[in-house]
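# A closer look at the structure
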Amino acid sequence: MYPLCISFLMFVTMEDRQKPKWGRIFIPVILLLFISSCRYHSKNGLSEKTKSMELTCKKGEYGYDLKLLQTYLKPLELKNGESRVLIAPEYQGRVLTSTSSGLKGFSYGWINHGLIEKNKVQKHINAYGGEERLWFGPEGGQFSIFFRKGEPFDFEHWQTPACIDTEPFNIVGNDSNSVTFTKNVKLNNYSGTEFQFDVFRKVSLISRDKAEKLLQAVLPSDVKMVAYQSENRIENTGTNEWTKTTGALSVWMLGMLNPSLGVTIVVPYKKGDYGKIVNSSYFGEIPEDRLKTDDRAIYLKADGKYRSKIGIPPLRVLPRLGSYDAINKILTILECTVDTAATEYVNSAWKLQEKPFAGDVINAYNDGPLADGSQMGPFYELETSSKAGFLKPGEKLEHIQQTYHFQGNEEELNRIAEKVLGVSVEKIKSVFN
């Protein structure tokens, strides 16, 4: 096309005496046709990226986040109709956000727009956000990988390992339905143990038919849905075994989502004589108007206005949790693999621990202002962890998680919530009202 354009422009700029007679007569007509042709070509030859740039999207819509991220990164999209999942290889293959309704649809993941736009590496952590990211535990204690040996357990000495903060993952497979990443990692823990391991991470779209089978629930066709699965695996490639005396790692999944005054986190738990139901002492005890428990589930208010965190111990855990946003009518469900025979999970408390493998399996966090009034978010988090990986050289530890977002008629969302979480959205809405 471009050689033709150049030739024609040269012809147009020739002196009249040099042009053939037909050219002097028909040049206005030819010029009009040429301009129309060029307009058509440029409009219809736009890449989807350029089209999304031209689209006017508001903050909170998927297209807004897509435009921002394409400016600073090279994100990958998995797409099935209007369902889209946006993934950043530069950020360890994390799922940044997703939508069930195309470019103008609600963007489910919380993204730290200001930090990404700053485009500068931060000390301690680069909290870019994202609705599903891969970390490794433990965070605190004598086997911590976030603190160096002998240093105090405080924020000034806390440092997120580069492999889960600033270093990209390698893409080894990619199509419209899935993307696969790998990474070779070497870490030292607080006790001086060296860990060498390979990371495998695959993110795949989940179709509506597959979602119905996995959740064992009927999903009405007029309920909008986006769903994906991540397979996360680590393999001990070193020469030493990971033990209770040297320390072990876990696969830790964290998802940052957008809060509202109508969001409530729901964590079903196992009934019976299994001891404490919920650990609510991470940042001090949580007021009763923000944390409630009944005979089916634990409920945590997720409005992004009060810093609080809960954990579910192994004997109480069920392999799922979720949240409901009554304002935007969004039901989110996470399911994960849980080894029912396992009782040892890494403990991430910021102190030397008597029981370093007495950690929680599922966590939920509501962001809020710090003592000085500053706040990173607001956002809320849904988290799941694998058991502690006591791995011999060559052994592997895998953790699989499915994320579902449903948006639509509350009556139909109610059926999904009752089937999967064991409580209705009506019940969820009433807990803190």
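Small disclaimer: the values here were computed from a predicted structure and weren't measured. (Residues numbered from 1 in each chain as written. Predicted model: local features only at pLDDT ≥ 70, side-chain atom pairs only at ≥ 80, totals over all residues. Heavy atoms only, no water.)

## Brief notes about empty space enclosed by the protein
Selection criterion: Buried and open spaces are told apart on a 1 Å grid over the protein atoms alone, a cavity being a set of points where a 1.4 Å probe fits but cannot get out and a pocket being an open set with protein on both sides within 12 Å along at least five of seven lines. Residues with an atom within 4 Å of a point are the lining residues. Grid points are joined across faces, edges and corners, and a volume is the space filled by probe spheres set on the points. Under the scheme used here, helices are H or I runs from DSSP no shorter than 4 residues and strands are E runs no shorter than 2 residues, and both carry numbers assigned from the N terminus. Note on residue classes: Ala, Val, Leu, Ile, Met, Phe, Trp, Tyr, Cys and Pro are nonpolar, Asp, Glu, Lys and Arg are charged, and everything else, Gly too, is polar.
Enumeration according to the criterion identifies 2 cavities of 30 Å³ or more in this entry. Here the largest cavity is characterised by a volume of approximately 80 Å³. For the lining of the largest cavity, the elements supplying multiple residues, two or more each, are β14 (320–325) and β15 (330–336). Of the residues contributing to the lining of the largest cavity, the split by class is 6 nonpolar, 4 polar and 1 charged.

## Regarding the pattern of salt bridges
Using the following cut-off: The term salt bridge refers to a pairing of a side-chain nitrogen on Lys or Arg with a carboxyl oxygen on Asp or Glu at a separation within 4 Å. For the exposure calls, accessible area comes from a 1.4 Å probe over protein chains only, and a residue counts as buried if that area is under 20% of its type's maximum, exposed if over 50%, partly exposed in between.
Evaluation of the coordinates by the stated rule reveals 17 salt bridges. Note that Glu82 and Lys224 form a salt bridge whose closest N and O atoms lie 3.4 Å from each other. Residue Glu82 is found in the loop between β1 (76–80) and β2 (83–88), and its partner Lys224 is found in strand β8 (residues 224–236); the two are separated by 142 residues along the sequence. According to the relative accessible area criterion, Glu82 is partly exposed, its value standing at 44%.

## Quick word on the sheet that holds strand β4 (residues 133–137)
Let me state the cut-off plainly: Between any two strands, at least two bridges found by DSSP are needed for them to pair. In this description, a line fitted to the C-alpha atoms serves as the axis of each element, helices being fitted only across the stretch in contact, and the angle between N-to-C directions of two axes falls anywhere from 0 to 180 degrees.
Strand order in the open sheet formed by 5 strands is β4-β9-β17-β16-β13, and the pairing between neighbours is antiparallel. The two strands at the open ends of the sheet, each matched to only one other strand, are β4 and β13 (308–312). On average, adjacent strands in this sheet sit at an angle of 20 degrees to one another, irrespective of strand direction. Sheet topology places β13 next to strand β16 (residues 362–366); 5 bridges connect them, and they run antiparallel. Considered in β16, the bridge of Ile312 is made with Ile362.

## Observations concerning the packing of aromatic side chains
Worth spelling out the cut-off: Side-chain rings of Phe, Tyr and Trp, where Trp is taken by its six-membered ring, are said to pair if the distance between their centres is within 6.5 Å; with planes under 30 degrees apart they count as stacked, over 60 as edge-to-face, and otherwise as tilted.
Scanning the entire structure with this criterion turns up 19 aromatic pairs. Relative to Tyr108, the ring of Phe106 has its centre 5.7 Å away and its plane inclined at 35 degrees; by these criteria the two rings are tilted. The class for Phe106 is partly exposed, based on a relative accessible area of 23%. A centroid spacing of 6.0 Å and a plane angle of 75 degrees characterise the contact between Phe283 and Tyr365, whose relative ring orientation is edge-to-face. Taken together, the positions of Phe283 in the loop between β10 (263–268) and β11 (291–293) and Tyr365 in strand β16 put the pair 82 residues apart, joining distant regions of the chain. Classification of Phe283 by relative accessible area gives partly exposed; the value is 37%. By the ring-pair criterion, three or more aromatic residues cluster together here, those being Trp135, Phe146, Phe147, Phe153, Phe155, Trp158, Tyr190, Trp252 and Trp350.

## Notes on the confidence of the model for the chain
Spelled out, the test is: On a range of 0 to 100, pLDDT expresses the predictor's confidence in each residue. Contacts are assigned to residue pairs with any non-hydrogen atoms lying within 4.5 Å of each other.
Put simply, the chain has an average pLDDT of 90, and 87% of its residues get 70 or more. Contacts from residues 28–46, a stretch scored under 50 in pLDDT, to residues over four places away or in other chains number 11 contacts.

## As for the sheet that holds β1
Across a sheet, strands are paired by hydrogen bonds formed along the backbone, either parallel or antiparallel in direction. Read from one edge to the other, the open sheet built from 3 strands follows the order β1-β2-β3, with strand pairing classed as antiparallel. Of all strands in the sheet, those bounded by a partner on one side alone are β1 and β3 (94–99). Across the sheet, the axes of successive neighbouring strands diverge by a mean angle of 20 degrees, strand direction being ignored. As paired strands, β2 and β3 are joined by 5 bridges and run antiparallel to one another. Directly across from Val85, in β3, lies its bridge partner Ser98. On the sheet, helix α4 (residues 62–72) packs against β1, β2 and β3 and is oriented at approximately 25 degrees with respect to β2.

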